[in-house]
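Remarks on the overall topology
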Amino acid sequence: MGSEALRAYRAVLRATRQTFSGDALMLRESAAEVRKKFEESRHVTSPSDINRLLEEAREASQFISTMIVQAKLNDRGGYEVKPSKEHAGATLEIPSEEILKKSA
């Protein structure tokens, strides 16, 4: 199961790198959070718990890839969202002004 966990870990990291490309803060913070979650589960030995955690990692990777789009500040002072084909059918949720100000 170790190799499965490693594949799941890499898949989640790959999803965050693609989603947050160009945003150093989010790349760093998301990588730290992913590592923390996997480290917390390092000593799990129950096959059913391991399978549940692996499924959660697969779902997280899928969610990050398809449900999150990074908005970028444009030259006019507004934010642009450029969804890709992976985001087809997703619902757009606009973050609050407070969140946007913190990330700028």
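Look up: the structure comes first, before these words.
Reference entry: report on the structure contained in this document. (Residues numbered from 1 in each chain as written. Predicted model: local features only at pLDDT ≥ 70, side-chain atom pairs only at ≥ 80, totals over all residues. Heavy atoms only, no water.)

**Considering the nonpolar core**
In plain terms, the rule: Residues enter a nonpolar core if they are buried and are Ala, Val, Leu, Ile, Met, Phe, Trp, Tyr or Cys, with the set joined through side-chain atoms within 4.5 Å. Working definition: with a 1.4 Å probe on protein chains only, accessible area under 20% of the residue-type maximum means buried, over 50% means exposed, and in between means partly exposed. A helix here means a DSSP run of H or I that spans at least four residues, while a strand means a run of E at least two residues long, and both kinds are numbered starting from the N terminus. The contact definition used throughout considers only heavy atoms, calling two residues in contact when any of these lie within 4.5 Å.
Counting ten residues, the largest nonpolar core consists of Ala8, Tyr9, Val12, Leu13, Ala15, Val34, Ile50, Leu54, Ala57 and Ile64. Secondary structure elements with two or more residues in this core: helix H1 (2-19) and helix H3 (47-67). Once residues lying within four places of it in the same chain are set aside, the contact partners of Ala15 are Ser61, Ile64 and Ser65.

**Here we look at the pattern of salt bridges**
Condition: Every case where a carboxyl oxygen of Asp or Glu lies within 4 Å of a side-chain nitrogen of Lys or Arg is listed as a salt bridge.
Using the criterion set out here, one finds six salt bridges in the structure. The partner of Glu39 in a salt bridge is Arg42, with the nearest N and O atoms 2.8 Å apart. Residue Glu39 is classed as partly exposed on the basis of its relative accessible area, which comes to 33%. As a salt-bridge pair, Arg58 and Glu55 come within 3.3 Å of each other at their nearest N and O atoms. Of this pair, Arg58 and Glu55 both sit in helix H3, separated by three residues, roughly a single helical turn. The class for Glu55 is partly exposed, based on a relative accessible area of 36%. If you follow the salt bridges from partner to partner, you end up with Arg35, Glu39 and Arg42 in one network.

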